[in-house]
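A closer look at the structure
Here is how the chains run, residue by residue.
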Amino acid sequence: MDAASPAPASPYRFVPPARRGSRAWRGSRAWRGVLARMAEIVYPPACPACARALAEPLGLCAACWRELTFLERPWCARLGIPFPVEMGEGVLSAEAIANPPPYDRARAAVAYEGAARVLVHKLKYGDRMDLAAVLARMMLRAGREILADADLLVPVPLHRGRLWRRRFNQAAALSAALSRASGVPADPLLLRRVKPTRTQVGLTRPQRASNLSGSLLVPKPLRPRVAGRRVVLVDDVLTTGATADACARALRRAGAARIDVLAFARVVPEA
């Protein structure tokens, strides 16, 4: 090709978006509104947990909402596990004293039961990416104190083999939605799962810890992004805490100044 000849147009050429406020931008926004209204006619809003009809999208029906057990104070200052009675500010649970976690605080929006379990399963296994925004709204409320001065959101990673089979990482979807709602930036590629592990379902806490041993790290070239930062680790469910522990240790080795954990749901031990 002659050096003076213009390069052929590429089908992958970047086309800059219309400038906000321009006629093209207003027109595209109007079309998006029309398409959204048409979609609501063809696919009326429904409760994501039970499929009952709703007046507005991105919500739950009254019956499913009543099934959610929101985790509130009084709770363990470290693990966020609720206490049956007021114990005083800063009190730790027996679990936090006996097995101090490698992170600073953990918070979750709801108990992992009933409608919460259905929502997690639909997000995780049902390709319901739209649920990430619904769940993130509840997480935002539960994690207000740890998000207030956070520097970075980091989702719990999947190994590339499992990511290929599942097609998306539900923790990354939640961290992206939470980032949009809170303004705290998210970095889904910072923490890596470098070793495939078997599913954690059905394993005891020691078995889960052994299963995860050596599987998580922050690559050396990326460690400056973590060093001295206040990091919030994001996941869908906290069960025994083995995964959060392994992720927190990897972030701590990379130099994180503070590590908190924020999940949509958690298994709450019986009092």
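Residues numbered from 1 in each chain as written. Predicted model: local features only at pLDDT ≥ 70, side-chain atom pairs only at ≥ 80, totals over all residues. Heavy atoms only, no water.

1. Quick word on the overall build of the protein chain
The helix and strand inventory of the protein chain stands at ten helices and six strands. Evaluated residue by residue, the protein chain yields a buried proportion of 43% over its 271 residues. The long-range fraction of contacts in the protein chain, counting pairs at least 24 apart against all pairs at least 6 apart in sequence, stands at 71%. (Helix = DSSP H or I, 4+ residues; strand = E, 2+ residues; numbered from the N terminus. Buried < 20%, exposed > 50% of the residue type's maximum accessible area, 1.4 Å probe, protein only. Contact = heavy atoms within 4.5 Å.)

2. Some thoughts on the pattern of salt bridges
One pass over the structure, following the stated rule, counts twelve salt bridges. Where D104 meets R252, a salt bridge forms, and the shortest distance between an N and an O atom there is 3.4 Å. Taken together, the residues D104 in the loop between α3 (94–98) and β1 (105–111) and R252 in helix α10 (residues 242–253) connect sequence positions 148 residues apart. On the basis of relative accessibility, which here comes to 33%, the residue R252 falls in the partly exposed class. Here R105 makes a salt bridge to D260, at a shortest N to O gap of 2.9 Å. Of the two residues, R105 sits in strand β1 while D260 sits in strand β6 (residues 258–266), which places them 155 residues apart along the sequence. R105 gets classed as buried once you look at its relative accessible area, which sits at 18%. (Salt bridge = Lys/Arg side-chain N within 4 Å of Asp/Glu carboxyl O.)

3. Quick word on the state of the cysteines
Taken as a whole and assessed by the stated rule, the structure comprises zero disulfides. We note that C50 lacks a disulfide partner, and the nearest cysteine sulfur, in C61, lies 3.5 Å from it. Residue C50 is classed as partly exposed on the basis of its relative accessible area, which comes to 32%. (Disulfide = S-S within 2.5 Å.)

4. Comments concerning the confidence of the model for the protein chain
The pLDDT averaged across the protein chain works out to 83; a share of 77% of its residues lies at or above 70. Confidence over residues 1–16 falls short of pLDDT 50; this stretch has two contacts with residues more than four positions distant or in other chains. Per-residue pLDDT stays below 50 along residues 38–42; that stretch engages in three contacts with residues further than four places along the chain or on separate chains. (pLDDT = per-residue confidence, 0-100.)

5. Brief notes about helix α5 (residues 131–142)
Along an α-helix, residues three or four positions apart point the same way, because every turn accommodates 3.6 residues. The end-to-end C-alpha distance of α5, which contains twelve residues, comes to 17 Å, matching closely the 16 Å that a straight helix rising 1.5 Å per residue would cover. Among the residues of α5, L131, A132, V134, L135, A136, M138, M139 and A142 are the ones counted as buried. Tucked into the core, α5 has its buried residues touching β1, α4 (115–125), α6 (144–147), α8 (170–182), β5 (230–238) and β6. (Expected span 1.5 Å × (residues − 1).)

6. A word on the packing of α4 against α5
At a minimum axis separation of 10 Å, α4 and α5 run at an interaxial angle of 140°. Here α5 runs oblique to α4, going by the angle between their axes. As α4 packs across α5, the resulting crossing turns out to be left-handed. Residues L119, K122 and L123 of α4 lie in contact with α5, whose contacting residues are L131, A132 and L135. The residue inventory of the contact of α4 with α5, partitioned by class, reads five nonpolar, no polar and one charged. (Axes fitted to C-alpha atoms, helices over the stretch in contact; angles between N-to-C directions. Parallel < 35°, antiparallel > 145°, perpendicular 65-115°, else oblique. Left-handed = near helix turned anticlockwise from the far one by under 90°. Nonpolar A, V, L, I, M, F, W, Y, C, P; charged D, E, K, R; others polar.)

7. Digging into the pairing of β6
Burial runs high along β6: nine of the nine residues are buried. Here six bridges tie β1 to β6, and the two strands are oriented parallel to one another. Paired with A108 across the two strands is A263, which belongs to β6. Of the strand pairs in this sheet, β5 and β6 are connected by eight bridges, and their pairing is parallel. Paired with D235 across the two strands is A263, which belongs to β6. In this fold, the crossover linking β5 to β6 by way of α10 has right-handed handedness. (Pairing = 2+ DSSP bridges. Right-handed = clockwise from strand over helix to strand, strands pointing away.)

8. Digging into the packing of aromatic side chains
Applying the stated criterion to the full structure yields one aromatic pair. Ring geometry for W65 versus F70: centroids 5.2 Å apart, planes at 50°, classification tilted. Above the face of the Y112 ring, R117 is positioned so that its terminal group lies 4.4 Å from the ring centre. (Phe/Tyr/Trp six-rings, centres within 6.5 Å; stacked < 30°, edge-to-face > 60°. Lys NZ or Arg CZ within 6 Å of the ring centre and 35° of its normal.)

9. Section: α4
Listed as buried for α4 are A115, A116, L119, V120, L123 and K124. Each buried residue of α4 sits inside an arc of 165° when the element is viewed along its axis, so together they form one side. Just downstream of α4, D127 is the residue with a positive phi angle, here 55°. (Arc of directions from axis to C-beta.)

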